[in-house]
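Each chain is listed here by its residues.
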Amino acid sequence: MSKNKSSESVKVVVRCRPLSRKEESNGPAGGIVQMDLRLGQVILRNPRAPPSEPQKTFTFDAVYDSSSKQRDLYDESVRPLIDSVLAGFNGTIFAYGQTGTGKTYTMQGLWLDPEKQGVIPNAFDHIFTHISRSQSDKQYLVRASYLEIYLEEIRDLLDPNHGNTRGLELRESPETGVYVQDLTSCVCKSIKEIEEVMNVGNQARAVGATDMNEHSSRSHALFLITVECSQPGPDGRKHIRVGRLNLVDLAGSERQAKTGVQGDRLKEAAKINLSLSALGNVISALADGRSSHVPYRDSKLTRLLQDSLGGNAKTVMVATLGPAPQHYDETLTTLRYANRAKNIQNQPRVNEDPKDALLREFQKEIARLRAQLNHRRFRSKQKKEQVDGEAWERDGDEEEEEVEEEEVEKEAEEFVKLEEQRLEKENEAIREDQFLLAEEKQKLLGENEKMMGDLRKRQEATEQLTARYKAMESKLLVGGKNIIDHTNEQQKMLEMKRQEIAEQTRREREMQQQMLIQDEEAVELRETFTSLQQEVEAKTKKLKKLYAKLQCTKAEIKDVNDEHVRSRQELEQTQNELTRELKFKYLIIENFIPPEEKNKIMNRLMFDPDEDEWKFKPLVPDESKSSQMKKRPASAVGYKRPISQYARVALSMGTRSRYRAENIMLLELDMTPPNTSALTDGEQNQSPTLNNSPTNNKGICKSRSW
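Because the structure is predicted, anything quoted here is derived from the model rather than measured.

Now for the overall build of the chain. Each helix and strand in the chain was counted, giving 17 helices and 21 strands. Split into buried and exposed, the 706 residues of the chain put 36% on the buried side. When contacts within the chain are restricted to residue pairs at least 6 apart in sequence, long-range pairs at least 24 apart make up 70% of them.

Mapped onto the elements, Ser84 comes out in helix α2 (residues 70–86). Reaching out from Ser84, the side chain makes a polar contact with the side chain of Lys314 at a distance of 3.2 Å. Those residues in contact with Ser84 that lie beyond four places of it in its chain are Phe89 and Lys314.

Here we come to the nonpolar core. Ranked by size, the top nonpolar core spans 49 residues in total, and within it Val14, Val42, Phe60 and Leu279 carry the most contacts. If one sorts the elements of this core by residue count, helix α7 (residues 264–288) sits on top with 7 residues. Those residues in contact with Val42, other than ones at most four positions away along the chain, are Val14, Val33, Gln34, Met35, Lys56, Thr57, Phe58, Phe60, Val63, Leu321 and Leu335. Among the nonpolar cores identified, the runner-up in size contains 40 residues, and Leu73, Tyr146, Cys188 and Ile225 belong to it.

Taken in spatial order, the 3 strands line up as β3-β4-β5 in an open sheet, and their pairing is antiparallel. The open sheet terminates on both sides in strands that have one partner only, identified here as β3 (33–36) and β5 (56–59). Ignoring which end each strand starts from, the neighbouring axes of this sheet average 20° apart. Inspection of the sheet shows β3 paired to strand β4 (residues 41–44) by 4 bridges, in the antiparallel sense. Its bridge partner being in β4, Asp36 is matched across the sheet by Gln41. On top of the sheet, helix α9 (residues 328–341) reaches β3, β4 and β5; it is set at about 35° to β5, its chief contact.

Now for the packing of aromatic side chains. Under the definition given, this model contains 6 aromatic pairs. Judged by centre distance (5.8 Å) and plane angle (90°), the rings of Tyr96 and Tyr337 are edge-to-face. Separated by 241 residues along the polypeptide, Tyr96 in strand β7 (residues 90–97) and Tyr337 in helix α9 bring together distant segments of the chain. Note on Tyr337: relative accessible area 15%, which makes it buried. With 5.5 Å between their ring centres and 55° between their planes, Phe124 and Phe223 make a pair best called tilted. In this pair, Phe124 is assigned in helix α4 (residues 119–133) and Phe223 in strand β15 (residues 220–232), connecting sequence segments 99 residues apart. A residue is classified by how much of its surface remains accessible, and Phe124, at 0% relative accessible area, is buried. Judged by relative accessible area, which is 1%, Phe223 ranks as buried. Through a chain of ring-to-ring contacts, the aromatic side chains of Trp111, Phe124, Tyr146 and Phe223 assemble into a single cluster. Positioned above the aromatic ring of Phe60 is the side chain of Lys342, whose terminal nitrogen or guanidinium carbon lies 5.5 Å from the ring centre.

We now examine the side chain of Asn246. Within the secondary structure layout, Asn246 lies in strand β16 (residues 238–249). Using a relative accessible area of 15% as the deciding quantity, one classes Asn246 as buried. A distance of 3.3 Å separates the side chain of Asn246 from the side chain of Thr92, its partner in a polar contact.

Time to look at the pattern of salt bridges. The tally for this structure, following the rule as stated, stands at 18 salt bridges. Residue Asp75 is joined to Arg71 by a salt bridge in which the shortest nitrogen-to-oxygen separation is 3.7 Å. Of this pair, Asp75 and Arg71 both sit in helix α2, 4 residues apart, which is roughly one turn of that helix. Look at Asp75 and you get buried, because its relative accessible area is 6%. Residue Lys585 pairs with Glu581 through a salt bridge whose shortest N-O separation is 3.6 Å. On the criterion of helical spacing, the pair formed by Lys585 and Glu581 is a turn pair, its members being 4 residues apart in helix α14 (residues 532–592).

Further remarks concern the UniProt feature "binding site: ATP" (unreviewed entry) in the chain. Here, UniProt's "binding site: ATP" (unreviewed entry) annotation points to Gly97, Gln98, Thr99, Gly100, Thr101, Gly102, Lys103 and Thr104. Structurally, the position occupied by Thr101 is in the loop between β7 and α3 (103–107). For Thr101, the contacting residues outside a window of four places in its chain are Arg17, Thr320, Leu321 and Gly322. In this structure the side chain of Thr101 is engaged in a polar contact, spanning 2.6 Å, whose partner is the backbone oxygen of Gln98. With respect to the helices, strands and loops of the structure, Gly102 is situated in the loop between β7 and α3.

Structurally, Lys549 is set in helix α14. Note on Lys549: relative accessible area 46%, which makes it partly exposed. It is 8.8 Å that separates the C-alpha atoms of Lys549 and Pro54, two residues lying 495 residues apart in sequence.

We now examine the packing of α2 against α4. At their nearest, the axes of α2 and α4 sit 10 Å apart, and the two run at 45° to each other. As far as their axial angle goes, α4 and α2 are oblique. Where α2 crosses over α4, the two elements pack in a sense that is right-handed. Residues Arg71, Leu73, Tyr74, Val78, Arg79, Ile82, Asp83 and Leu86 of α2 touch α4, and the partners they reach there are Val119, Asn122, Ala123, His126, Ile127 and His130. Split into classes, the residues belonging to the contact of α2 with α4 amount to 8 nonpolar, 3 polar and 3 charged.

A few words now on the packing of α7 against α9. Contact pair α7 / α9: the axes reach a minimum separation of 8 Å and the direction vectors enclose 40°. With respect to α9, the axis of α7 lies oblique. The two elements α7 and α9 cross, and the hand of that crossing is left-handed. From α7, Gly280, Ile283, Ser284 and Ala287 reach across to α9, where they touch Tyr337, Arg340 and Ala341. Broken down by class, the residue content of the contact of α7 with α9 amounts to 4 nonpolar, 2 polar and 1 charged.

Phi is positive for Leu151, close to 55°, though the residue is something other than glycine. Here Leu151 is to be found in the loop between β8 (139–150) and β9 (153–156). Phi is positive for Glu152, which is not a glycine, with a value near 60°.

Quick notes on the rules
- For every chain, the first residue of the written sequence is number 1, and numbering continues from 1 onward in sequence order.
- Given that this is a predicted model, residues contribute local features only at a pLDDT of at least 70 and side-chain atom pairs are listed and counted only at 80 or more, while totals for whole chains, interfaces and linings are drawn from all residues.
- Values reported for side chains reflect all heavy atoms of the structure, with hydrogen atoms and water molecules removed beforehand.
- In this text, helices come from DSSP runs of H or I with a minimum length of four residues, and strands from runs of E with a minimum of two, each type numbered from the N-terminal end.
- Only protein chains enter the accessibility calculation, which uses a 1.4 Å probe. A residue is then buried if its area is under 20% of the maximum for its type, exposed if over 50%, and partly exposed in between.
- Pairs of residues are marked as contacts when any of their non-hydrogen atoms sit within 4.5 Å.
- Each polar contact in these results corresponds to two N or O atoms within 3.5 Å; when the atoms are within protein, one needs to be able to donate a hydrogen and the other to accept it, and residues that are neighboring in sequence are counted only if both atoms are side-chain atoms.
- Grouping buried Ala, Val, Leu, Ile, Met, Phe, Trp, Tyr and Cys residues that are joined through side-chain atoms within 4.5 Å yields what is termed a nonpolar core.
- DSSP bridges decide pairing: two strands pair if at least two such bridges lie between them.
- Axis lines are fitted to C-alpha atoms, over the contacting stretch for helices. Their N-to-C directions set the angle, which ranges from 0 to 180 degrees.
- Only the six-membered ring of Trp is used, alongside the rings of Phe and Tyr, when aromatic pairs are assigned; centres must lie within 6.5 Å, and planes under 30 degrees apart are stacked while those over 60 apart are edge-to-face, with the rest tilted.
- Two conditions define a charge located above a ring, namely a distance within 6 Å from the ring centre to NZ of Lys or CZ of Arg, and an angle within 35 degrees of the ring normal.
- When a carboxyl oxygen of Asp or Glu lies within 4 Å of a side-chain nitrogen of Lys or Arg, that pair is called a salt bridge.
- UniProt positions are given in the numbering used here, feature names are shortened, and annotations may be inferred rather than shown by experiment.
- Roughly parallel means an angle under 35 degrees; roughly antiparallel means over 145; roughly perpendicular covers 65 to 115; every other angle is labelled oblique.
- If you view the pair so one helix is near and one far, a crossing is left-handed when the near helix is turned anticlockwise from the far one by less than a right angle, and right-handed when it is turned clockwise.
- All amino acids are sorted into three groups, where Ala, Val, Leu, Ile, Met, Phe, Trp, Tyr, Cys and Pro are nonpolar, Asp, Glu, Lys and Arg are charged, and the leftover types, Gly among them, are polar.

So, in structure tokens, the structure goes:
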């Protein structure tokens, strides 16, 4: 494909799983899905409709029935996409369908059985086999990341503490598009290493049991592979192409009545259905072509798939179906979404010489370390020749780089050994010299020890530099080298023949679909009638065919309306549950949170447009914005923290303030005699009632204890 921006539609394939034992025992015999592999058509029968109602037919790029093999699906539908990723395009493969229809089996399969391995392990083998067979002037860097979207939070499955940390945030860049900030990326050099990364992530993925699937995925998982390739161009410079492959395993849509989930599983199902509904809205908006707004920001799943749906990527959608009659509604919904996705147009282009290519950074670091090593070895070789008294002339015919580096390393080690031996001999000669004073001996020995220490430090620095250089170089994969055990020539030819057969089958299917459409359009032009009776019969036949199409269209309109009503009822039910939960929280806030605290919380709220959600401002602002902390409220001046009125009274009264006036055993005895004091004349005039009191002459007794 040309590097210029060109349009390409999303490739949609459909796969149907066989009936399970439970479905065979519970439901009626036979399935509701028939597949025409030659024409790529899916025929769906409504089990609740009368026999006279016509069946629904959908046409896709390829269809695979219950007897299809994993390898057939990969060779026909996925292999061309992986080749495009290795050429520098972005690619996405995602499985879509109801829960329990085989999405995870299609994407991963059974790792230990080569015949039942899914898309992901076959893609691993394809990538590293291609690298091993490429030319020796190409360098590759392969990185892998693994994440999941659980309860609308992005979690890094390769982070050991992903369960205790906050969810990762999405960012958008003009060069790379939407990406996940601080996502772990592992450099992989073989199939075994990238499989180990996959296994580590699978162990941390959220999985639960429902009535429809014992190992139901409770999150959307995305395995990201980045392949960077460096190759000399016509201008002599090295050009880098970066291909990104997104392998997406979506959680299945489900209904509570069928799955029987409760509690946390119900919350997970609500979030899963919400994100899949957002994905369906994006597909509908893109397929319509008339909508000016595509709701990518309605969920984090659609944000991550923004480039894959209508952007810079080649996309393959695998729609999985269940053939059981009780799942007719879900199967029909999946087929309709897949039929709409065929109309989505992407604009894939080659990612050549991007700014964020990690391979270029690795190459610069390797060149810098190689220059430092060559400089150190050159100096060591010069010193060795000065010690030996030999003239050194550089040989013009250079050998291979690896052999030369090994020889230089050996010469450097020999030079260090010779220097150590020479210094040891000098130390022995100094100790045996009788004409030197003790101070001079110590001084000379100290200088030799210092030279020995410097020599060892230089040797250690050289070894560390060599280790860093080899570690950096080992991360790059060079074409033509033995990364994995190469297959023999017969197996290579067998793979090439298999690819040719798959490509030929795909072309035949496309040609047959086009011929079928052209035959229907051109049948009127070829018809000639010899009599009126023949014309009446032909037009009657055509009228019946058009009437059948009309009935199918009416049935389709009715099904769409019924589906809309069901979706609206489900949304209303979800809205009622959310409203009830919101009222409950409002009730808690009004009864248990003081108004001033509620106002503080409201003042701290801020809206983040990037995440499309409300967040709290930090209590202490960043140093870059303000280096001063917020002032404490006036009611708490002088205290370390706000305290209640009871605590203030307790502080003023001392220890055990609660029982001070109740427990008389804790009161101090009043050992001093009572004091009496006579009222003055002024006080007597102000309070004449006290003059006649019996205590006027006796005075007032004041107790110290009270």
